[in-house]
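Chains, contacts and geometry: an overview
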Amino acid sequence: MKRIEGLITAPFTPFGASGGVESETVDRLQEFYKYNGIRGVFICGTTGESSALTFSEKAALFERWGRHRSDDFMVIGFLGGTSVGECRKLAAEAGNCGLDAIAVTAPYYFKPTGVEELAQFCAEVADASPLPFYYYHIPSFTGVYFNMYELLGLVDGRVPTFAGIKYTYEDMMDYQRCLGFGGGRYDILWGRDEMLLSALVVGARSAVGSTYGYTAPLYLRIMEAYAAGDIATARSLQLKATDYIALLQKYGPSAGKAFMRAVGMDCGRYRLPVRNLDPAGEAAFLRDLAATDFHKYCSRTVPGGIAAAAGTDIEQPRTFNTAQSQV
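Residues numbered from 1 in each chain as written. Predicted model: local features only at pLDDT ≥ 70, side-chain atom pairs only at ≥ 80, totals over all residues. Heavy atoms only, no water.

**Quick word on a nonpolar patch on the surface**
- A contiguous nonpolar patch, built from Tyr108, Tyr109 and Phe110 and spanning about 440 Å² of accessible area, is present on the exposed surface.
- Relative to the helices and strands, Tyr108 is located in the loop between strand 4 (101-104) and helix 4 (115-126). (Patch = residues over 30% accessible without salt bridge, like charges linked within 9 Å, V, L, I, M, F, W, Y side chains within 5 Å. Areas by Shrake-Rupley, 256 points an atom, 1.4 Å probe, with all protein chains shown as cover. Salt bridge = Lys/Arg side-chain N within 4 Å of Asp/Glu carboxyl O. Helix = DSSP H or I, 4+ residues; strand = E, 2+ residues; numbered from the N terminus.)

**Some details on the packing of aromatic side chains**
- Counted by the stated rule, this structure contains 21 aromatic pairs.
- Pairing Tyr145 with Tyr169 gives two aromatic rings, centres 5.6 Å apart and planes at 70°, and the pair type is edge-to-face. Here Tyr145 is found in the loop between helix 5 (139-142) and helix 6 (148-155), whereas its partner Tyr169 is found in the loop between strand 6 (162-167) and helix 7 (172-180), with 24 residues between them in sequence.
- Judged by relative accessible area, Tyr145 falls into the partly exposed class, the value being 47%.
- Owing to a relative accessible area of 24%, Tyr169 belongs among the partly exposed residues under this scheme.
- Arranged with centres 5.3 Å apart and planes meeting at 85°, the rings of Tyr244 and Phe294 form a pair that is edge-to-face. Residue Tyr244 is located in helix 10 (residues 231-251), and its partner Phe294 is located in the loop between helix 12 (279-290) and helix 13 (306-309); the two are separated by 50 residues in the primary sequence. (Phe/Tyr/Trp six-rings, centres within 6.5 Å; stacked < 30°, edge-to-face > 60°. Buried < 20%, exposed > 50% of the residue type's maximum accessible area, 1.4 Å probe, protein only.)

**With respect to the nonpolar core**
- If you look at the biggest cluster of nonpolar residues, it comprises 95 residues, and the most contacted ones within it are Trp65, Tyr135, Trp190 and Phe285.
- Those residues within four positions of Tyr135 in sequence are excluded, and the remaining contacts are Val104, Thr105, Ala106, Leu118, Cys122, Val144, Met148, Leu151, Phe162, Gly164, Ile165 and Lys166. (Core = buried A, V, L, I, M, F, W, Y, C linked by side-chain atoms within 4.5 Å. Contact = heavy atoms within 4.5 Å.)

**A closer look at the pattern of salt bridges**
- Applying the stated rule across the entire model yields 15 salt bridges.
- Note that Asp288 and Lys250 form a salt bridge whose closest N and O atoms lie 2.7 Å from each other. Of this pair, Asp288 sits in helix 12 while Lys250 sits in helix 10, placing them 38 residues apart in sequence.
- A relative accessible area of 25% places Asp288 in the partly exposed class.
- Taking the shortest distance from any N to any O, the salt bridge between Arg261 and Glu282 comes out at 2.9 Å. Of this pair, Arg261 sits in helix 11 (residues 255-262) while Glu282 sits in helix 12, and the two are 21 residues apart along the sequence.

**Comments concerning the environment of Phe141**
- Looking at where Phe141 falls in the secondary structure, it is placed in helix 5.
- Between the C-alpha atom of Phe141 and that of Glu194, which follows or precedes it by 53 residues, the distance is 17 Å.
- Setting aside its immediate chain neighbours within four residues, Phe141 contacts Thr46 and Tyr108.

**Points about the confidence of the model for the chain**
- On average, residues of the chain score 93 in pLDDT, and 93% of them are at 70 or above.
- Ignoring residues within four places in sequence, the model shows residues 307-327, a span with pLDDT below 50, making 51 contacts including any to other chains. (pLDDT = per-residue confidence, 0-100.)

**Quick notes on the packing of helix 11 against helix 12**
- Where helix 11 meets helix 12, the axes come as close as 11 Å, and the angle between the chain directions of the two elements is 65°. Handedness of the crossing formed by helix 11 with helix 12: right-handed. In this structure, helix 11 uses Ala255, Ala258, Phe259, Arg261 and Ala262 to contact helix 12, whose residues at the interface are Glu282, Phe285, Leu286 and Leu289. (Axes fitted to C-alpha atoms, helices over the stretch in contact; angles between N-to-C directions. Left-handed = near helix turned anticlockwise from the far one by under 90°.)

**Some words on the packing of helix 3 (residues 84-96) against helix 4**
- Two elements in contact, helix 3 and helix 4, have axes whose closest approach is 8 Å; the angle formed by their N-to-C orientations is 40°. In terms of their interaxial angle, helix 3 and helix 4 are classed as oblique. Along the contact surface, helix 3 presents Val84, Cys87 and Arg88, while helix 4 presents Phe121, Glu124 and Val125.
- Here the residues of the contact of helix 3 with helix 4 sort into four nonpolar, no polar and two charged. (Parallel < 35°, antiparallel > 145°, perpendicular 65-115°, else oblique. Nonpolar A, V, L, I, M, F, W, Y, C, P; charged D, E, K, R; others polar.)

**Description of the state of the cysteines**
- One pass over the structure, following the stated rule, counts zero disulfides.
- The closest cysteine sulfur to the non-disulfide-bonded Cys87 is located on Cys122, 10.0 Å from its own sulfur.
- With no disulfide partner, Cys267 has as its closest neighbouring cysteine sulfur the one in Cys44, 13 Å distant. (Disulfide = S-S within 2.5 Å.)

**Here we look at unusual backbone geometry**
- Here the residue pair Leu272 and Pro273 is connected by a cis peptide bond, since its omega of 15° sits within 30 degrees of zero.
- Turning to its location among the elements, Pro273 is positioned in the loop between helix 11 and helix 12.
- Positive phi values are uncommon outside glycine, yet Cys44 reaches one of about 60°.
- Note on placement: Cys44 falls in the loop between strand 2 (40-43) and helix 2 (55-66).
- Relative accessible area serves as the criterion here: at 2%, Cys44 is assigned to the buried category.
- Even without a glycine there, the phi angle at Glu49 is positive, about 60°.
- Note on placement: Glu49 falls in the loop between strand 2 and helix 2.

Structure (structure tokens):
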């Protein structure tokens, strides 16, 4: 199985004015991500509002993103986590679309009562596709807090396509043990952007997160500084990242799409029940963002990219000069 290294972003699902999925925006997003050093995408996940998407919308997004996968740009499709039957059908769709891998969370309504039931769930979904399979551990959303090292012990040798875990939780002891399981047999992808440096210290080589999409240069510099042994710089840059993430906490989930608009990539509004920022709220967000040095570290739109080639200008940030971004 192909090992993942570097940054994978979790894209926002782009919605148009009518509220439907705007597939054409996917083409701009993949170009934007590649230009800024992102190694792939984890689509239709938490950031992509998976639980608000229909089966047909997910299948359409799999197909659109699948057009852009390559040897140096991975596409991982998130299947869901409640219906085994739907997950299995989407797993087949992912294979038909040529995606690199698939992933599921724990069922979060009728929850598994133990790790064995979770392992059985993973095995049944994974059996529907030959694609590499990742378990997405995000207990803050699923309410399923089982030890992941124990899960690896139960799926090892039992689920042939099991590739690893997207680990979005703060248990660094369990995370490190998962990294070392079987001599490093599995990909354990770090999922907390605000703790990337902590994960690098215990051995992370790859990470999946939403904020990488609009501040990729910052996180790449954290990884480069750590690899060079410049811990002071890595700490300083990680602190900047947490300052930006604090704005997400202040303004709520919809601030994620406001960040994207600030760097010139409009993905529309969130679906209910997420509360969207009103014009006054977004203006306040932009004022707070302008008070930082975000323009030095944000991702940049592509000069002469897809939108320009189609005869329209790529929307430029209203507040920031992305030409000053530093990769």
